Amino acid sequence: MSAHTPPSAPRSLAEALRARDDASLAALLRSRPDLITPVPTDLTQLATRAGTRASVLRALERLDRFALQTAEALAVAPEPASYEILLGLMAGYARDETVAAALPRAVATLREQALVWGDDERLRLVRTARELLAPSAQHPSPTGLGPSVQEATAGMSPGRIQEIVGAAGLASTHDSVSAAAALTALFTHRKKMAALLAKAPEAAREVLSRLVWGPPYGQVTADPAAHLRWLLDRGLLLPTAPGTVVLPREVALHLREGRAHREPEPLPPAVEPAATHGPQIVDATAAGQAYTALATVEELLKDWDEGGPAVLRAGGLSVRDLKRTAVALDVPEPVAAFWVELAYAAGLLASDGEADERYAATPAYDEWLERPPAERWARLAEAWLTATRTAGLVGGRDAKDRTLSALGPGLDRSAAPEVRRRVLTLLAGLPQGAAPGAESVLARLLWERPLRGPQRDVDGADDLRSRLARWTLSEAELLGVTGRGALSTQGRALLGAPAAAHPSAATEPSGPGDKLPVHHRPGALLEPLSPTEQTVATAGAARLLAPLLPEPLDHVLLQADLTAVAPGPLRRPLADMLGILADVESKGGATVYRFTPASVRRALDAGRAAADLHAFLTAHSRTPVPQPLAYLIDDVARKHGHLRVGAASAYVRCDDDALLNEILADKRAAALRLRRLAPTVLAAPTDPATLLEGLRALGFAPAAESAEGDVLITRADAHRTPPRTAPEPVPDGPPPPDATLLAAAIRAIRAGDLAATAPRKPSGSALTGGELPRTSSAETLATMQAAVLTGESLWIGYVNAEGTASQRVIAPIRVEGGFVTAYDHTADEVRTYPLHRVTGVAELAEE
């Protein structure tokens, strides 16, 4: 160990992790859950896993902009680097105080994430992180810096290096390494470097200014101009390939006043309100949207009650069916795709699984309809918040240039729940009633998760997180989570967020760190709720929404033009019956229903008699039943059921043979290929449903009958899928571990590390690292029995039933019947092991 290195300074990441307490290890495993999938056997394995490329990439992508800038600065600093060197790279020669105040937090974040280890005198980036962030010709650094003098001169001839040293005014050296070191010392000496640049031609300084912030590479001819020759002779530009030169890192840092980044961003951009509304207006607007959302989902599934669109061979809705759905709901196609996906995510619709597969409502839809409106909305909102399926992608193209369809595959984006929750959390941090601009929210998200290089979605579009954020803002408004762009009270409760922020919290403070309001503080995110916590939060949101929704009415206003006006939402039995008896003509604050012969026949087909319909209208209308409506019901009822259709393939029977003659004489009935079987019976080679539709198209009013001759009653909710579960979200990597799992994992890792690092007495055969001890059966048994008497712990090698070998530290308690019962320090519990699976035993050295 160097004399300048403190005795406690760790020599590896594993040693740094070993020095952490349990709380610090828990913070690491919580922020990087991939490290305990599966649980490492010891801290050395944990450190190895923390340095793998996939894990490091994942950790880097979850850093905020300033922490990432700090890591990028360490990647271009000497290794190891002191905190003072890092501070100079981040704050510059002028020492930006805002940057200096925020830097300790960034370094602490990198240490917590195990991306940086070592004390403040010897900070080291994990090797994989340094390889990813350090500049190279193939992967330019985000800092815009090029290679160091030492790296750029590695392949240069010794004679040429000595020429550069001499032209720079330095004494010649004995070798290329010392020559490169002399140039480095010159370029990092501020006064000497300033004096050297003062002699440079104006055109040479202009060239340096163009390269200083990157990219640091430039092109030169075989016979460069005089000002370029001046730079090349003094090493201010160094050749990297024929015709290509680079600005050395040390020169660029001097020209940048010591800063690794042109614009360090120590503070997150504030989410500024674009408009402010009264909280009551926001909640009322959101409640109105929530009611509209419920009505839209009900209308969608009611339209698919008797079997919805067919399922494409590849899965999902066809473009034509989506357009039809959009027309039926009177919304644009992207909005229709959102409602379809929302109902699917909530488990209210699915494919029926039949041979001719179609979409239909699930049994859960009927249960959902029976719940109070606020609870129905809460279920939709919770499904939206946690779903990974992303309706905004519908109509786009996947990686194989195939169209992404609603309800089809390829719509899951694991980042969607996190982005939705984060966007709503940012809104929750604003004063109640404040609505931010979309660009303000996007700028904040980009600071919290900056893009490292061109990040594209599978369909080729840039910046998936920004698109998810925009979709979140629009979908939250459609669903009633927000109102007029501001988070509603029920939306805040859905997140599990505390009460609204005080208006003074919206102002941006002058200092960083703990002076920031919670909603501006980096990392101050609302953590995703556990399933139990989310259930509680959802119930709370429903309670807050319930008083804001309009009370259902038990009456309508009948009018003489065969319409009925519902001045508000209707109670469930009234709405269901009126939906069968009449067609919706217009929606809005008041819904207008129109009575037609077809709608009245639909009610009669559902088993209602004319007297039932008259009684129903009389009971629920605040106005007298108009005479035209009464005549319409009686006229349709008089004709209904005179014709009977059954299976022959299909037949028509009627007591009035003149009516059957009329059907046979109608040329439009030729396609039905009817033939008379008896004076009162006609037969057709088609199924009863087709025959029913054909006769109705001719203006008749047939009724279906059973094999016993009874009239079949058709119900609107007859078709349901078998029980289906809602689609499971696709997780974004391993889920964050809970407290119980963290405690168990840390205990196992500590115990395994104790076994791996416990000192052992020297044995006859030297053991290499990781090799299991080997002893004979007799020696193993004798050592075990002696340890039972003395109470000492032993180091053993053990092979389990699957053939996996491991090292363990045990304290034997009892040896009998070919088994040893011992306290296993590695597992922190008493276990029994077969002696024939113990490869060997060794005593532990005394401390």
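Residues numbered from 1 in each chain as written. Predicted model: local features only at pLDDT ≥ 70, side-chain atom pairs only at ≥ 80, totals over all residues. Heavy atoms only, no water.

Draft legend 1. A look at helix α33 (residues 777–790). The end-to-end C-alpha distance of α33 is 20 Å, a good match for the 20 Å that 14 residues give at a rise of 1.5 Å each. If you check which residues of α33 are buried, you get Thr780, Thr783, Met784 and Ala787. Projected onto a plane normal to the axis of α33, the buried residues spread over an arc of 100 degrees and lie on a single side. Turned more than 90 degrees from where α33 packs its buried face, Ala778 and Leu789 sit exposed. Looking at the buried residues of α33, the elements they touch are β21 (794–799), β22 (805–816), β23 (819–824) and β25 (838–843). Phi for Gly791, located one or two positions after α33, is positive at around 75 degrees. (Helix = DSSP H or I, 4+ residues; strand = E, 2+ residues; numbered from the N terminus. Expected span 1.5 Å × (residues − 1). Buried < 20%, exposed > 50% of the residue type's maximum accessible area, 1.4 Å probe, protein only. Arc of directions from axis to C-beta. Contact = heavy atoms within 4.5 Å.)

Draft legend 2. Spatial organisation of the confidence of the model for the chain. For the chain, per-residue confidence averages 85 on the pLDDT scale, and residues scoring 70 or more make up 90% of the total. When the criterion is pLDDT under 50, residues 501–525 qualifies, and its contacts beyond four places in sequence or with other chains add up to 50 contacts. Within the model, pLDDT remains below 50 along residues 764–769, and this stretch shows three contacts once partners closer than five positions in the same chain are excluded. (pLDDT = per-residue confidence, 0-100.)

Draft legend 3. Structural detail: helix α12 (residues 190–198). Of all the positions in α12, only Met193, Leu196 and Leu197 are classed as buried. All buried residues of α12 project into a common sector of 95 degrees when viewed along the axis, lining one side. Seen from the open side of α12, the exposed residues pointing more than 90 degrees away from its buried face are Lys191 and Ala198. Those residues of α12 hidden inside the fold are in contact with α11 (176–187), α13 (202–211), α14 (226–233) and α15 (249–255).

Draft legend 4. Representation of the pattern of salt bridges within the structure. Enumeration according to the criterion identifies 37 salt bridges in this entry. As a salt-bridge pair, Arg389 and Glu341 come within 2.7 Å of each other at their nearest N and O atoms. Of this pair, Arg389 sits in the loop between α20 (373–386) and α21 (416–428) while Glu341 sits in helix α18 (residues 333–345), and the two are 48 residues apart along the sequence. On the basis of relative accessible area, Arg389 is assigned to the buried category, the value being 12%. Given a relative accessible area of 5%, Glu341 falls into the buried group. One salt-bridge network, in which partners are shared between bridges, spans Arg62, Glu418, Arg449 and Arg465. (Salt bridge = Lys/Arg side-chain N within 4 Å of Asp/Glu carboxyl O.)

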